[in-house]
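Summary of the model geometry
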Amino acid sequence: MHFRSTVDNLCRALNMYRLLIAGYVVGLLILSLSRLLLFIWQYDRVEASGNILQLILLGIRADIIQMGYLSIPLLLLAPLFINRLGIAVWIKLQSVWLIVAITYIVFMEAVTPAFILQYDLRPNRLFVEYLSYPKEVLSTLWGGFREWVLVSTCVLIACIYWLHQLSQRIKASFSIHQPNLLGALLVWPLLVVITLAGVRSTLAHRPANPAFFAVTNDALVNSLILSSGYSLEYALYNLRHEDNAARVYGTLPFDQVLKTVRSQAHLRNANYPYEKYPTVHFNPASRTYAKPKNIVVILEESLGATFVKDLGGLDITPNLDALRHQGWWFKNLYATGTRSVRGIEAVISGFLPTPARSTVKLSLSQHHFFTAADLLSREGYFTEFMYGGETHFDNMGSFFTGNGFHSIIGQNQINEPDFVGSWGVSDGDLLSAAHDRFEALNQRSSPFFSLVFTSSNHEPFEYPSGVIEPYQGEHHRVESAVKYADHALGEFMEKAKESSYWDSTIFLIVADHDTRVYGNELVPINKFHIPGLIVGGGIERREILEITSQIDLLPTVISLAGVSAWTASIGQDLSQKDTVPANRAMMQFGDNYAWLTEQSVIILTPGDDVSGYYDVTSKTFIEDSHDRSADYKTALAHALLPSVLYQQQAYFVPKIAETEP
């Protein structure tokens, strides 16, 4: 009898938390069901990654953390309302929490498949960043994922209705007239401890975090172990601490970081006179002209090696393939990341990638941050950015204006375009306007530098009809958009060869990144392989076989253009004679960092490192247990350096350098 009375009192005490407990359990069930469906969808990769039961159990553990995060704020408020005056408010708060929390979970899981199709990962910081551009995002979703948008909307509406009905039924069951208020207060500390223990999820020194669940070599599978809400929340947390983001890989004293970086073959003989700006050194031009060459960078949206026959891809870029015989062609060039702003950061600033957002978007790099435009403007160049879309996207206009670009031309400044899609005017319209602009700029006494950023090869893959034969007869698909982008590039280059500016201009044609990044490796290196070409007046034919990075391109082009200048970039000038090729590339993929050389690949993951080598034949990363401590130190130094330079606002050439030889 005493036992029954005790149980009855406990139930009455817990009754005060009934909606909270119900939401906690419902959330766990929804997250587990969603993960199970995702595992079935990606079964081949999940099965290849290890013990599926272990992955499921780890997923439940991660879900307990997620539900703890959602529950603990409301639970901590409980003592304020568990009294005779506050019961009604407490019940209402729980009801609202139930609907909001579970709707959030359902929404995040509903959008996950579309995000995976785009980025091969659960929603992360990119999910938040793109919310700043609703027009572009909505047009992309409607163009490429229309069916999923409709299904997800229906699921969300049904969920909200069901949660409202559930909360009403549970509220009706509360024993309001005979509440066990004392019992509810006494059981409260126990509920808090249990919830916090679930959030911590381990007795180790540090609580569990996403790295704790990274138990496979497949980044997608590791992300599937988590929930999308948890993945997004951790990304938001990192945004607040992104100045020190690279420290997740480990630490090195900064003097060792500098010593390691400066010891690279192409940098070891340089002089570094500025303590505050530790990477600034003088780079002499490899060629001399009466007047420096103009420089044009054509940054091609999502044009990876996947679509270039000579690089092992599809045969759908005949114009680019033909151009490779007319200049410097990079056979083993790698992007630093998977987003346009990362490509811009690498090509225009020569800045190394970090787990943080690109410096194009960070606050401390909006002024006094090194770019090729700033370097060239000091050498008398007129500098300009041309984009077929809206230049505010990804904060490009602000970053460029604050760091050396004299002029910004966007969609609204391109007169009478023939075709305008979700992402702006077509590549044909953009490059036609660029041609006219270059003809005008070439009449000036000063040389010019222009960055032209295309956009037609971007989902939902819109381009003028009747210009090219769609790939396999399908208009709105990536291969067809690539064919159109290549067609537009070919037309522009034919005009350029007949122009007044051809002989006095050097062109760099390079991709910002490949299209959708997939792979079952921690860093799918093959999807970072991109085409790169330097062509124009006075540029001979050459194949660059060594491994190169996007950060090496502008130092090389600037030198070929006949410009000697101080630079903050540690990229290699490949035009210098008697310099050993760096033969390395660095890549950022989610929270992982890859350092690729001929001999090995070091992959830094939060709290650990993985060493191995990249097999060119199979185009896969193969783990290797051999000791590669020297390579690891080199990789770690390059991963840590950019974060420190950003924090200290030290990636800049001081004005005093302009007066020195």
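This structure is a prediction, so every number in the text was calculated from the model and none was measured.

What counts as what
Residues numbered from 1 in each chain as written. Predicted model: local features only at pLDDT ≥ 70, side-chain atom pairs only at ≥ 80, totals over all residues. Heavy atoms only, no water. Helix = DSSP H or I, 4+ residues; strand = E, 2+ residues; numbered from the N terminus. Buried < 20%, exposed > 50% of the residue type's maximum accessible area, 1.4 Å probe, protein only. Contact = heavy atoms within 4.5 Å. Areas by Shrake-Rupley, 256 points an atom, 1.4 Å probe, with all protein chains shown as cover. Lys, Arg positive; Asp, Glu negative; His and termini not counted. Charge placed at Lys NZ, Arg CZ, Asp CG, Glu CD. Patch = residues over 30% accessible without salt bridge, like charges linked within 9 Å, V, L, I, M, F, W, Y side chains within 5 Å. Salt bridge = Lys/Arg side-chain N within 4 Å of Asp/Glu carboxyl O. Axes fitted to C-alpha atoms, helices over the stretch in contact; angles between N-to-C directions. Left-handed = near helix turned anticlockwise from the far one by under 90°. Nonpolar A, V, L, I, M, F, W, Y, C, P; charged D, E, K, R; others polar. Polar contact = N/O pair within 3.5 Å; in protein donor to acceptor, adjacent residues only side chain to side chain. Core = buried A, V, L, I, M, F, W, Y, C linked by side-chain atoms within 4.5 Å. Pairing = 2+ DSSP bridges. Expected span 1.5 Å × (residues − 1).

**Overview of the overall build of the protein**
Summing up its helical and strand segments, the protein has 20 helices and 18 strands in all. Expressed as a percentage of the 661 residues in the protein, the buried residues total 57%. For the protein, the proportion of contacts with a sequence separation of at least 24, taken over those separated by at least 6, is 75%. Accessible surface for the protein amounts to roughly 27,700 Å². Of this, 57% is attributable to carbon and sulfur atoms. Separation of charge centres in the protein, based on 49 positive and 62 negative side chains, amounts to 9 Å.

**Remarks on a nonpolar patch on the surface**
A grouping of Leu-33, Leu-36, Leu-37, Ile-40, Leu-53, Ile-56, Leu-57 and Ile-60 is seen on the molecular surface, where their side chains present a nonpolar patch of about 740 Å² in accessible area. Within the secondary structure, Leu-53 sits in helix 4 (residues 52-81). Leu-53 sits in the exposed class, given a relative accessible area of 54%.

**Here we look at the packing of helix 2 (residues 18-41) against helix 8 (residues 146-172)**
Two packed helices can be described by the angle between their axes and the distance between those axes. Running from amino to carboxyl end, helix 2 crosses helix 8 at an angle of 145°, the nearest separation of the two axes being 10 Å. Between helix 2 and helix 8 the crossing geometry is right-handed. Here Arg-18, Leu-19, Ala-22 and Val-26 of helix 2 come into contact with helix 8, specifically with Trp-162, Leu-166, Ser-167, Ile-170 and Lys-171. Partitioned by chemical class, the residues of the contact of helix 2 with helix 8 number six nonpolar, one polar and two charged.

**Considering the pattern of salt bridges**
Using the criterion set out here, one finds 16 salt bridges in the structure. Of the charged contacts in the structure, one is a salt bridge between Lys-309 and Asp-315, with a shortest N-O distance of 4.0 Å. As far as the burial class goes, Lys-309 and Asp-315 line up, both exposed. A salt bridge links Asp-310 to Lys-331; the nearest nitrogen and oxygen atoms lie 3.0 Å apart. With Asp-310 in the loop between strand 2 (294-300) and helix 13 (318-323) and Lys-331 in strand 3 (residues 328-334), this residue pair connects regions lying 21 residues apart in the sequence. Judged by its relative accessible area of 22%, Asp-310 is partly exposed. Look at the salt bridges and you will find they share partners, linking Asp-310, Asp-321, Arg-324 and Lys-331 into a network.

**A look at unusual backbone geometry**
With an omega of 15°, the peptide bond between Glu-459 and Pro-460 qualifies as cis. Within the fold, Pro-460 resides in the loop between strand 8 (448-453) and helix 18 (478-497). For Ser-201, which is not glycine, the phi torsion reads 65° and is therefore positive. Tracing the chain through its elements places Ser-201 in the loop between helix 9 (181-200) and helix 10 (219-225). With a phi angle near 55°, Ser-302 is a residue other than glycine that sits in the positive phi range. With respect to the helices and strands, the residue Ser-302 is situated in the loop between strand 2 and helix 13.

**What to know about the side chain of Thr-567**
Looking at where Thr-567 falls in the secondary structure, it is placed in strand 13 (residues 565-567). The exposure class of Thr-567 is buried, given its relative accessible area of 10%. From its side chain, Thr-567 meets the backbone nitrogen of Ser-569 in a polar contact 3.1 Å long. Thr-567 has contacts with Thr-279, Val-280, His-281, Asn-283, Phe-370, Leu-375 and Val-653, leaving out every residue within four places of it along the chain.

**Comments concerning the nonpolar core**
Looking at soluble globular proteins, one finds that nonpolar side chains tend to be buried together. With 123 residues, the main nonpolar core has Ile-295, Met-396, Phe-449, Phe-492, Leu-508, Ile-509 and Ile-534 as its most contacted residues. Excluding its chain neighbours within four sequence positions, the residues that come into contact with Ile-534 are Gly-327, Trp-328, Phe-330, Ile-506, Phe-507, Leu-508, Ile-539, Thr-556, Val-557 and Leu-560. Of all hydrophobic cores here, the second largest spans 34 residues; its members include Met-16, Leu-20, Val-106 and Leu-163.

**Regarding the environment of Ser-643**
Structurally, Ser-643 is set in helix 20 (residues 629-647). Look at Ser-643 and you get buried, because its relative accessible area is 6%. Remark: the alpha-carbon pair of Ser-643 and Ala-356, spanning 287 residues in sequence, is separated by 8.4 Å.

**So, the pairing of strand 2**
With respect to burial, strand 2 is a largely interior element, seven of its seven residues being buried. Neither face of strand 2 is left uncovered, since the one carrying Asn-294, Val-296, Ile-298 and Glu-300 and the one carrying Ile-295, Val-297 and Leu-299 both have all their residues buried. Relative to strand 9 (residues 505-511), strand 2 runs parallel, the two sharing seven bridges. Bridge assignment links Val-296 to a residue of strand 9, and that residue is Phe-507. Relative to strand 8, strand 2 runs parallel, the two sharing five bridges. Within the sheet, the bridge partner assigned to Leu-299 lies in strand 8 and is Phe-453.

**Overview of the environment of Val-517**
For Val-517, the position within the fold is in the loop between strand 9 and strand 10 (529-530). The contacts of Val-517, once residues within four sequence positions are left out, are Gln-118, Tyr-119, Asp-120, Thr-338, Pro-524, Lys-527, Phe-528 and Phe-589.

**Some words on helix 8**
Over its 27 residues, helix 8 runs 40 Å from end to end, which matches the ideal 39 Å to within 8%, given 1.5 Å per residue. For helix 8, the set of buried residues is Ser-152, Cys-159, Leu-163, Leu-166, Ser-167 and Ile-170. Turning to helix 8, the residues buried within the fold contact helix 2 and helix 5 (87-119).

Everything listed here is a matter of coordinates, which is why it stays silent on function.
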